[in-house]
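Chain by chain, the residues:
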Amino acid sequence: IYRMNYRDSFDNPLEAEHIINSGAIAGASLPVGLSLINDCGNWKGIMASIGNHKVQILDFGNSILNNPTVQDEYLFEGVQKPYRISVVREQSSYYAIVANQLLPFSIINFGNLEGDTPHLIDNLDFPQLNDFEIIKVSGQKVVYGISRRSSFVVKNTFAADCGQNI
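Because the structure is a prediction, the values reported are computed rather than measured. (Residues numbered from 1 in each chain as written. Predicted model: local features only at pLDDT ≥ 70, side-chain atom pairs only at ≥ 80, totals over all residues. Heavy atoms only, no water.)

Visitor: Before we go on, may I ask you to explain the overall build of the protein chain in this structure?
Guide: Counting secondary structure elements, the protein chain contains 0 helices and 13 strands. What you see in the protein chain, going N to C, is helices and strands ordered as β-β-β-β-β-β-β-β-β-β-β-β-β. In terms of overall dimensions, the protein chain is globule-like: its C-alpha atoms have a radius of gyration of 17 Å, near the 15 Å expected for 166 residues. Each of the 166 residues in the protein chain was classed as buried or not, and the buried ones make up 39%. Sequence-distant contacts in the protein chain: of pairs separated by 6 or more residues, those separated by 24 or more amount to 35%. Accessible area for the protein chain stands at about 9200 Å²; split by element, carbon and sulfur atoms hold 50% of it. Seen as two clouds, the 12 positive and the 17 negative side-chain charges of the protein chain have centres 5 Å apart. (Helix = DSSP H or I, 4+ residues; strand = E, 2+ residues; numbered from the N terminus. Rg over C-alpha atoms; globule rule 2.2 N^0.38 Å. Buried < 20%, exposed > 50% of the residue type's maximum accessible area, 1.4 Å probe, protein only. Contact = heavy atoms within 4.5 Å. Areas by Shrake-Rupley, 256 points an atom, 1.4 Å probe, with all protein chains shown as cover. Lys, Arg positive; Asp, Glu negative; His and termini not counted. Charge placed at Lys NZ, Arg CZ, Asp CG, Glu CD.)

So, in structure tokens, the structure goes:
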């Protein structure tokens with residue numbers, strides 16, 4: 001993981017001392033997606049690797065400037081060749097939305113990230129997406145994405161919590 005420190009402005013030039021490499025992440029293989037979250041003062045990263053289909057939870061501790069350690073790693077049947085991941089919080093649970101090269105997008109319920117067993121939410125009817133964005137609007141969770149099979153923008157709306165059947 002590379003960290004670029006622009007200090008107080010993106011207008012600042014980057015020099016070698018402002019680019020920090022955390023080193024290789026154990027168990028990762030061609031990591032392509034990373035989503036960072038702050039959980040009650042502790043920084044976590046959820047990372048997806050296209051090479052081995054793994055999804056990993058990284059722990060940065062109380063500072064995003066720390067080098068991360070691997071907290072946990074998982075393989076899910078519905079995550080194949082992931083290339084984009086985004087994490088959202090809903091009440092006390094974290095959900096990762098994952099774009100896959102070969103399958104529809106996936107939703108993983110990570111629970112509270114500490115001791116809960118993550119599980120994949122059934123996604124057989126979800127479309128394959130090139131890219132996506134997650135928003136909350138009027139109490140609903142909406143995934144907007146660009147279809148892999150056409151030039152259409154696709155919208156999936158979840159009126160209930162992500163982990164519930166709709």
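Visitor: Which parts of the structure should I look at to understand the layout of surface pockets?
Guide: Here the idea is plain: a probe the size of a water molecule rolls over the atoms and shows the empty space left. Estimates place the volume of the second largest pocket at around 180 Å³. The wall of the second largest pocket is formed by Ile1, Tyr2, Arg3, Ser22, Leu34, Leu36, Phe60, Ile64, Leu65, Asn66, Asn67 and Pro68. Mapped onto the lining of the second largest pocket, the elements with two or more residues apiece are strand E1 (2–4) and strand E3 (31–39). Classifying every residue of the lining of the second largest pocket gives 8 nonpolar, 3 polar and 1 charged. (1 Å grid on protein atoms, 1.4 Å probe; cavity = no way out; pocket = protein on both sides within 12 Å on 5 of 7 lines; lining within 4 Å. Points joined across faces, edges and corners; volume = space filled by probe spheres on them. Nonpolar A, V, L, I, M, F, W, Y, C, P; charged D, E, K, R; others polar.)

Visitor: Any chance you could explain the nonpolar core here in plain terms?
Guide: Generally speaking, soluble globular proteins have nonpolar side chains that are buried together. Counting 15 residues, the largest nonpolar core has Ile46, Val55, Ile85, Ala96, Ile108, Phe110 and Leu113 as its most contacted members. Listing elements by their share of this core, those giving two or more residues are strand E4 (42–49), strand E5 (54–61), strand E7 (82–90), strand E8 (93–100) and strand E9 (106–111). Sort the elements by how many residues they give to this core and E8 lands first, with 3 residues. With near-sequence residues (within four places) excluded, leucine 113 lies in contact with Ile37, Lys44, Ile46, Ile57, Gln71 and Tyr94. In terms of nonpolar packing, the next biggest core, distinct from the first, is built from 12 residues, Tyr95, Phe105, Ile107 and Ile121 among them. (Core = buried A, V, L, I, M, F, W, Y, C linked by side-chain atoms within 4.5 Å.)

Visitor: I keep staring at the sheet that holds E7 and nothing clicks. Help me out?
Guide: Here 4 strands make up an open sheet; going across it, the order is E7-E8-E9-E10 and the pairing antiparallel. Of all strands in the sheet, those bounded by a partner on one side alone are E7 and strand E10 (119–121). On average, adjacent strands in this sheet sit at an angle of 30 degrees to one another, irrespective of strand direction. In this structure, E7 lies alongside E8, joined through 8 bridges in antiparallel fashion. Among the inter-strand pairings, glutamate 90 is bridged to a residue of E8, identified as serine 93. (Pairing = 2+ DSSP bridges. Axes fitted to C-alpha atoms, helices over the stretch in contact; angles between N-to-C directions.)

Visitor: Mind showing me how you'd approach the environment of glycine 33 here?
Guide: Checked against the element boundaries, glycine 33 lands in strand E3. For glycine 33, a relative accessible area of 8% corresponds to the buried category. Sequence-wise, glycine 33 and serine 49 are 16 residues apart; in three dimensions their C-alpha atoms are separated by 7.0 Å. Filtering out sequence-adjacent residues up to four positions away, glycine 33 remains in contact with Ile46, Met47, Ala48 and Ile85.

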